[in-house]
Structure formats: C-alpha cells, structure tokens
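Single-letter residue listing:
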Amino acid sequence: MPRAVLEWAACPLASASTDARFGVEQQHGAERSLALLVAGAHGRALAAALATRAPGLPLDVLEGMAPLPARAHTVVDARALDPGDDVPGALSRLKGSLFLLQPSRTLGVRRLVALTREDGSDAAAVAAGISGLIKTAALEWPELRCAVVDVAPDLDAAGVLLEELAAGLPDREVRRLPGPATSTRLVPRVVARPVGHGARRAHVTSSSVVVASGGARGVTATTLLALAREARPAVLLLGRTAVDAPEPACCQGLPDEGAIKRALLDDAKRRGEPVQLPRIGAAAQAVLAAREIRAFIGALQGEGARVLYRAVDVRDPAAVAAACDEARAAFGPITDLVHGAGVLADKKIEDKTPEQVDRVMDTKVLGLRALLAATREDPLRTVSLFSSVAGRFGNVGQVDYAMANEALNHLAVALATREHAGRGLVVKSLNWGPWEGGMVTPALKKLFAERGVAVLSHEDGARHFVDELTTLADPAVEVIIGGELAPEQRSRAATGHGSAAEATAGPTRMHLDGASWGILADHAIAGVPVLPVVGALELFSRARPDVRALADLHVRRGLRLPRLFEGGHDVEIREQDGTLTLVTPGEGAPHYTARVADAVDTAPLDRPRGVLPAAASALYQELLFHGPRFHLVEAVSACGEDGMIAQVRGVRAARWPGEWRTDAAAVDGALQAALLWARHLTGGAFLPTAIACVSLAQPGDGPLTCVLKARTAPTGPRAVVDAWLLDSDGAVRVTLTGVEIHRLPDDRAFARRPDAEAGSAR
C-alpha cells in the first residue's frame, strides 16, 4: 500500500504583467472589487498597505461577520493573520470564515484566496485549517481560482499577496519564507516514501499506557488491536457509547439489527408504549455498538493488553481529565496518545449548518486540545493523530472535515517543533485514505480503483500504523497512507529520497469528463470530442507544476473521448528521465509525449507583412472545425508567405471554466493561426503534430497578439513555424518554437457536417 510524506519544494513565480487592478476584472462594464476579510491589527495593516501600494485596485475591507459585497470579484480572507490567543477562539474564527465565504459562488466571485501566518502557536495552526476550505472549494466550485498562501511573520503580506494575484494564482497552496531576495516561494509535494524497516525502537511497550479517543470501534480499533499484538500496553479507550448497562432482555441472543429492531418493536407494543421508529432504530444501533465495544475489549485483553473503557465526550476537558486520572491510578503515567475520534456530516459548502460544523470540527480540534491538556504533565513518547486525505487534498461534501483535519496536520507540526519535542516525542499526523468496509462499499471501492485511489485493507492499515510508531527511519510528521495523490501533488511522488529535480515521478492519473472538460464538445471531429495539443500541454503542466517549458511535444496518436459526457475517461501521465508520456491506463502506446525543458530559446521578433482579406466571422465556417468555445482567433490583421499576425483570446477572455495552469486557449489560438496561414497559402486542411519547445505561462488578462513566423513554407505535406503571444504592452507571454503542422489528405476535412454540429452543441 502506498505511503507518502509531505515536502515543500521551491517554485519561483514566473514574471507576469500587471495593471493597477491586479486581475480584478470588470463585468459588463460594472466595477468589481477585491473584498478583504480582516479580523484584527494585522488584517487592518494589510488593508492600509494595499490601499497605498495599489491605489487603482477597487477594495472593500470587511471586518467581523460583515457579508460579502455583491460586486466582489476576488475575495481575500485574511482573518487567519489574527487568529486570537487560544484554540477555541481560533476555531470559532475559522468556522466563521466558512459561513462568510458560503455565498461566494452565488455572487459570481472568480478568485478565492486565504492568507495564513503560522508562528508556531496552536491558535495560528488551527487558523491554518482554512486551507482545507480552500482546497475543497476548488473542487466544489471549479470555476473559481482558489489559493491559500502562508506568509512568514516577518514578510510583507501585502507585497506577497499582490505578487500572487498578479501572477494569476498559479498554485493552490503556497508558503512564502524569508529568502535571499524578497522571499523564498515553496509549494507542497507529496513524495512517495516507504517507511523502511532498518532502525526500529519500541516506542510502545508492555509498560506503556496508551490513551485512545474513538478507539473502541472502526479504524482506530483495528490499529490498536495490531499495536496490542505487538506491544501489549495498557489502554484507556475513550468512546461515546455507554457499555455498562445491560442490554434489554428482549435483545439478548439476537444476531443482527433486523431481529433486534423487531424485538424492540414488539416489546414496546407489549408495554403499550408509543412506537417511534427512529427511537427503535437508535436503540438497536446502541445495542450493536455496545456489543462491538465489549467484543473489542475482549480482543485487546486476549492480546495481553490491560484495558479501561470510559464513555466520555472527547470535547469535554473535565471528563477527559477524569478518565485520564483513572488510567494513571490503574496503570501509571500516560505515555502515548492516539486521537482517532471523528464525526462526519457530509454536505456541500453552501448547505453546511453551524450545528454540523460544530460537531465535525470540535470533535477533532477541541478533542485534541482536551487530550493534550489532560496529559500535560505526563511523560509522553508518541502522539498519533488520525487525519484524512480530505484535509490534505480537500473533498467534495466534506469542507468542515477537511478544515478540521488540516487543523490537526498543522497542530501536529506545531507540537513536533516545540521545545519538548527535542526530548524524543514522536508526533505523527496520519492522513488516512479510504479503508475497506464501513463507508467504502464494493461499488465505491470499484469506483476508487477506476480513479486510481488506493483502498486500505484492515491488515495493511494496521501494519502501517505500527510501522509509524516503531520505525526511526523517517521523522516526517504529516504522512499520507493509502490515499489518492491529487494531480498537482502526485507528480512529485518519488520512490527514493532524492531532490525534487532528481525524482522520477510515479504515474499521475487524471479523470476527464464533461463536468471538468466540457469545452471539448467544441473540439469534436465527426461528433466525437478529441483532446487537443493544448489539452495535453495542460495535463503535463498539472502533473509537473514546477516546469516552465516543455520540449519535443509530439502527437503520437489522437485521443478520442467518446464517453466524455457519459462517465468520462481516465488518462495517466508517466515520467521517466524527464520525458512525460500521456497514455490511456492499461494501454502501452502513448497519445502525447514531451520532454521537460528549462527555457525556450527564441530569435528576435520579425513581424511578417501582407494582408488577409477574410473577415474573422468566416474563419470557423469552412476554414476551421472548432466550435464556439474554441473560436479563439478574433481577427487576422496581416498574412503573407513569411507569416501572420492575429488577435487571439486567452483562457479568461474565452471564459473557459475551471482552474488552468497554462493559457491553453491562447496557445490553441496560436496553433489555429498556423492552420489558417497554411490554408491561406495552399487551400489545404492542416493539423498541428509537434512543437519543438513551448513556454508555460499562467492565464493573463487582456487581449493577446499572435505573431507567426514561417521557418518552412507549406508547399509540401509539412510546414514549420514559430509563434509569439504578446500582451497589450508588447511583452512576450508565451513562445512556441518549431511548431510542425501536417496537411490532411482531405482538404475539406473541416467542412461542417450535421454530426459535427451535434458534437459541438453540448
């Protein structure tokens, strides 16, 4: 089963042209604004700095729980810069951010940014849990560009924010630290790394006293049973279910939930009590839960563990402290903590209620606080927090769970780096992927397998837990076990311990469907969507977000997507020795290949001359096959044997939904210009087949000019051109060299047909 750790790799910003609005767009001529949410002195100082340094930026500063303004285009939540003095206050503020941001989609917000400032305090660590909100929002609201930026305490937050906004928010998660120039910019990498079995130490032994929340049932129980088998410690189990009272006589000996419900129903009728089916169901569940816990206690004792069970609410500090006092009296000082308690209340962001959020987040965050407070004077050796991949990557429907688990991850790092961590305390925040059983049904397991998500067996999960507490080879605090590596993270998954640049990445699986790639309905041939060259370029960039240029990009065989709107298609990006390959899982032959490059070497611009008389409105009738969302060439101002000048639209102007790492629309517009140029000179239909080198720039604002320069004339079946995309100031944003286009056998290949029109009408 996969195991990975979190590392941070340098990823400098590419240069970006800016204006006084820093990407805050107008809509239908109406002014839109940057809404800045603040909660204290640091936030107010940020607002003042933005007003001074970006006077052309429309700014709305909101404090407290003031609602978002209707004109908000970009929302920056800076409330975490002032998290408060304690964990409850920071948690309350974090929950408030969720409800403040709930209407973002309804208001038409286009960008969502959270600023954090981790200073080693628990309050700041909890506030950093907002990253779970941002990552989940990016999944639930794909039309928004979302990012969380952690700014070191001694850095200029306003300068960092303006830089990230000007660059178009290229990365979802960023850490800015003091550096040799202004700052060092880091992004997270999930690096596959087996725990190893070289150096081992029995952190947990027969003399250990383990306190485990949520430890009597489910995943935590499975891991504790394996630990008992290995070490035979004393264990204090904290759960929500009372087990002391005997179960109703009518239920004794009955084997399953159905029989128990019928017995409880008959018993209520005999007693003349009103029959309330929800209460009958809850009572049956309580009987089964108590049985499960008693059986588990017996299993632990059978492995040689000494066991004490107490039914307490882990959020209640007094109750937790009292239970820990009993454990000390029975077994001695507490040496190990396992915080496995958790609650789910799955709903989309806009449907979350305060009661749901309280239950989900308080169990994780306030539960840990109560456990640490109750064991403050104990000689702790290990602290194991059961987090989730929902925190690391976000998860649809689980925004509060993602926030709670991200808070756990950050609290674990803060705990591990404090002074007493130097005395040998082992701290692990285990970001578990899905486990077999429970919520993972056979159908869901099959879906996970199709998406490349590993599902942990109970045996493997338990083994991972024991390995983490008995192996010294890896001091990593945040560990990902058996979970899906998100595309932007999985690209750096390495099997060894080399640097990010040296690592050979494992395969990155991505899913293409109508929800995320619906624009491809307008890139259909004979009614079947086809992944364009720029689609491969975008997928390569998502797999390797640190790369700024690609070389030797080749179309090996077209990728048709007939099921795009009926379940979608999986693709894989594989990397070997710097070469990226796009394949269909289970097939060997590649669709696209490219090589990682450092930069693009270009010749000086040489604008061609000549005029093409065709109007832009005629370009997409017979000359090109593209549907409306791929109508990216707005006008052709000059054309001749040595090249062409055209105006093209980028991702933002074309309103392509979702989050794009490259300006794929602008690059496609440049490729379309090459096809138009060849068509103008020869009358033939051409398609792009290779690019010698292309720079990767994030989407920008404003119009773009494509300057096309011929290398070879299209007199035969092949031609080669170079292309530059310039912004309104004449600065080069994207460079393409050695673009090869090949002539198709049928010069009327792009003529409109009824089936092609149907394909572009989705």
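Residues numbered from 1 in each chain as written. Predicted model: local features only at pLDDT ≥ 70, side-chain atom pairs only at ≥ 80, totals over all residues. Heavy atoms only, no water.

Enquirer: Can you help me understand the overall build of the chain in this one?
Expert: Check the secondary structure of the chain and you find 22 helices and 28 strands. Counting every position in the chain, which comprises 762 residues, the buried fraction comes to 56%. By sequence separation, contacts in the chain at least 24 residues apart represent 76% of the contacts at least 6 residues apart. On the chain, roughly 29,900 Å² of surface is accessible, and the fraction owed to carbon and sulfur atoms is 53%. (Helix = DSSP H or I, 4+ residues; strand = E, 2+ residues; numbered from the N terminus. Buried < 20%, exposed > 50% of the residue type's maximum accessible area, 1.4 Å probe, protein only. Contact = heavy atoms within 4.5 Å. Areas by Shrake-Rupley, 256 points an atom, 1.4 Å probe, with all protein chains shown as cover.)

Enquirer: Would you mind going over the packing of aromatic side chains with me for this structure?
Expert: What characterises a pair of aromatic rings is the spacing of the ring centres plus the angle enclosed by the ring planes. Tallying each qualifying case throughout the model produces 6 aromatic pairs. With a centroid separation of 5.1 Å and 70 degrees between ring planes, the pair formed by tryptophan 432 and tryptophan 435 is classed as edge-to-face. Take tryptophan 432: its relative accessible area is 5%, and that puts it in the buried class. Overall, the relative accessible area of 6% leaves tryptophan 435 in the buried class. In this structure an aromatic cluster arises from ring pairing among Phe386, Trp432, Trp435 and Phe465. The ring of tryptophan 8 has arginine 175 lying over it, and the distance from NZ or CZ to the ring centre is 3.9 Å. Note that arginine 542 overlies the ring of tryptophan 660, its terminal NZ or CZ placed 5.4 Å from the centroid. (Phe/Tyr/Trp six-rings, centres within 6.5 Å; stacked < 30°, edge-to-face > 60°. Lys NZ or Arg CZ within 6 Å of the ring centre and 35° of its normal.)

Enquirer: What am I meant to see in the nonpolar core here?
Expert: One finds Leu531, Phe540, Leu582, Trp656 and Leu736 to be the most contacted residues of the largest nonpolar core, which totals 69 residues. Per-element tally for this core: the top contributor is helix H21 (residues 664-682), with 12 residues. In this structure, Leu238, Leu371, Leu385 and Leu415 belong to the second largest nonpolar core, which totals 66 residues. (Core = buried A, V, L, I, M, F, W, Y, C linked by side-chain atoms within 4.5 Å.)

Enquirer: Any chance you could explain helix H1 (residues 41-53) here in plain terms?
Expert: Along an α-helix, residues three or four apart share an orientation, since each turn contains 3.6 residues. For H1, which comprises 13 residues, the first-to-last C-alpha distance of 18 Å matches the rise-based estimate of 18 Å (1.5 Å per residue) to within 8%. When we look at burial in H1, the residues that qualify are Gly43, Leu46, Ala47, Ala49 and Leu50. Viewed along the axis of H1, the buried residues span an arc of 165 degrees, placing them on a single side of the element. Seen from the buried face of H1, the exposed residues on the opposite side, beyond 90 degrees, are Ala41 and Thr52. Looking at the buried positions of H1, the neighbouring elements they touch are strand E2 (33-38), strand E3 (59-63), strand E5 (111-116) and helix H6 (157-166). (Expected span 1.5 Å × (residues − 1). Arc of directions from axis to C-beta.)

Enquirer: Hey, could you run me through the environment of cysteine 251 in this one?
Expert: Tracing the backbone through its elements, the reader meets cysteine 251 in the loop between strand E10 (234-239) and helix H8 (257-271). Through-space distance from the C-alpha of cysteine 251 to that of arginine 262 is 9.3 Å; in sequence the pair is 11 residues apart. Not counting residues within four places of it along the chain, the set of residues in contact with cysteine 251 comprises Ile260, Leu264, Val287 and Arg291.

Enquirer: Looking at this structure, I do not really get the pattern of salt bridges. What am I missing?
Expert: Side chains that differ in sign of charge can pair as their charged atoms come close. Summed over all chains, the structure comprises 44 salt bridges. Between aspartate 400 and lysine 352 there is a salt bridge, with the nearest N and O atoms lying 2.9 Å from each other. One end of the pair, aspartate 400, is in helix H13 (residues 399-417); the other, lysine 352, is in the loop between strand E12 (336-339) and helix H11 (354-374), with 48 residues separating them in the sequence. Judged by relative accessible area, aspartate 400 falls into the buried class, the value being 1%. Of the charged contacts, one joins glutamate 355 and arginine 359 as a salt bridge, the two residues approaching to 2.7 Å between their closest N and O atoms. Of this pair, glutamate 355 and arginine 359 both sit in helix H11, separated by 4 residues, roughly a single helical turn. A single salt-bridge network, built from bridges that share partners, covers Glu163, Glu164, Asp171, Arg176, Arg185 and Arg661. (Salt bridge = Lys/Arg side-chain N within 4 Å of Asp/Glu carboxyl O.)

Enquirer: Explain the confidence of the model for the chain to me, please; I cannot follow it from the model alone.
Expert: A low pLDDT means the predicted coordinates there should not be read in detail. Here the chain averages 85 in pLDDT, and 86% of its residues register 70 or above. The low-confidence segment residues 485-506, where pLDDT is below 50, has 64 contacts with residues more than four positions distant or belonging to other chains. Here residues 753-762 is modelled with pLDDT under 50, and outside its nearest four sequence neighbours on either side it reaches 16 contacts, counting other chains as well. (pLDDT = per-residue confidence, 0-100.)

Enquirer: Even after reading the chapter, I still don't get the sheet that holds strand E24 (residues 643-648), so can you show me in this structure?
Expert: On the basis of which strands lie adjacent, the open sheet formed by 11 strands has the order E16-E20-E21-E22-E19-E25-E28-E27-E26-E24-E23 and antiparallel pairing. What marks the edges here is a single partner per strand, and that holds for strand E16 (508-512) and strand E23 (633-640). Direction aside, neighbouring strands of the sheet carry axes that sit 20 degrees apart on average. Running at roughly 135 degrees to strand E19 (residues 549-555), helix H18 (residues 533-543) makes contact with E16, E19, strand E20 (569-576), strand E21 (579-583), strand E22 (592-597) and strand E25 (686-695) of the sheet. (Pairing = 2+ DSSP bridges. Axes fitted to C-alpha atoms, helices over the stretch in contact; angles between N-to-C directions.)

Enquirer: Just to check I follow, could you spell out the pairing of strand E4 (residues 72-77) for this structure?
Expert: Successive side chains on a regular strand alternate, one facing one side of the sheet and the next facing the other. Of all 6 residues making up E4, 6 are buried, and the element is well covered by its neighbours. As defined by bridge partners, E2 adjoins E4 across 5 bridges and the pair is classed as parallel. Its bridge partner being in E4, serine 33 is matched across the sheet by alanine 72.

Enquirer: Even after reading the chapter, I still don't get the environment of proline 532, so can you show me in this structure?
Expert: Considering the arrangement of structural elements, one finds proline 532 in the loop between strand E18 (528-529) and H18. Separated by 132 residues in the primary sequence, proline 532 and alanine 664 place their C-alpha atoms 9.7 Å from one another.

Enquirer: Looking at this structure, I do not really get unusual backbone geometry. What am I missing?
Expert: Backbone geometry follows two general trends: most residues other than glycine have a negative phi, and most peptide bonds adopt the trans configuration. Positive phi is not limited to glycine here, since arginine 232 has a value of about 55 degrees. For arginine 232, the position within the fold is in the loop between helix H7 (218-231) and E10. Classification of arginine 232 as partly exposed rests on a relative accessible area of 44%. You will see that arginine 655, though not glycine, has its phi angle at about 60 degrees, which is positive. Examined against the element boundaries, arginine 655 turns out to sit in the loop between helix H20 (651-654) and H21.

Enquirer: Quick question: what am I supposed to make of the side chain of glutamate 478 here?
Expert: Tracing the chain through its elements places glutamate 478 in strand E15 (residues 478-481). Side-chain polar atoms of glutamate 478 contact the side chain of asparagine 409, separated by 3.4 Å. Apart from the residues lying within four places of it in its own chain, the contact partners of glutamate 478 are Ala4, Val5, Leu6, Arg392, Glu406, Asn409, Ser429 and Asn431. (Polar contact = N/O pair within 3.5 Å; in protein donor to acceptor, adjacent residues only side chain to side chain.)

Enquirer: Is there a simple way to think about the pairing of strand E1 (residues 3-10) in this case?
Expert: Two strands pair when backbone bridges link them, and E1 and E15 are joined in this way by 3 bridges, in the antiparallel orientation. Across the sheet, residue alanine 4 finds its bridge partner in E15, namely isoleucine 480. Where E1 meets strand E8 (residues 184-192), 7 bridges bridge the pair, whose relative direction is antiparallel. Residue pairing in the sheet places alanine 10 in a bridge with leucine 186 of E8.

Enquirer: Mind showing me how you'd approach the packing of helix H5 (residues 130-140) against H13 here?
Expert: How two helices sit against one another is set out by the angle between their axes and by the gap between those axes. Two elements in contact, H5 and H13, have axes whose closest approach is 6 Å; the angle formed by their N-to-C orientations is 140 degrees. Comparing the axis directions of H5 and H13 gives the class oblique. For the element pair H5 and H13, the recorded crossing hand is right-handed. Between H5 and H13, the contacting residues are Ser131, Gly132, Leu133, Lys135 and Thr136 on the first element and Val399, Ala402, Met403, Glu406 and His410 on the second. A breakdown of the residues in the contact of H5 with H13 according to their chemical character gives 4 nonpolar, 4 polar and 2 charged. (Parallel < 35°, antiparallel > 145°, perpendicular 65-115°, else oblique. Left-handed = near helix turned anticlockwise from the far one by under 90°. Nonpolar A, V, L, I, M, F, W, Y, C, P; charged D, E, K, R; others polar.)

Enquirer: Even after reading the chapter, I still don't get the environment of arginine 185, so can you show me in this structure?
Expert: In this structure, arginine 185 sits in strand E8. Using a relative accessible area of 5% as the deciding quantity, one classes arginine 185 as buried. As for arginine 185 and valine 149, which are separated by 36 residues in sequence, their C-alpha atoms are 9.8 Å apart. Only 2.8 Å separates the side chain of arginine 185 from the backbone oxygen of cysteine 11, close enough to count as a polar contact. In terms of polar contacts, arginine 185 uses its side chain to reach the side chain of aspartate 171, at 2.9 Å.

Enquirer: What should I look at first to understand helix H9 (residues 277-302) in this one?
Expert: With 26 residues, H9 should reach 38 Å at 1.5 Å per residue; the first-to-last C-alpha distance of 37 Å fits that figure. Inspection of H9 places Ile280, Gly281, Ala284, Val287, Ala289, Ala290, Ile293, Phe296, Ile297 and Leu300 among the buried residues, and these make up the whole buried set. Tucked into the core, H9 has its buried residues touching H7, E10, H8 and strand E11 (306-311).

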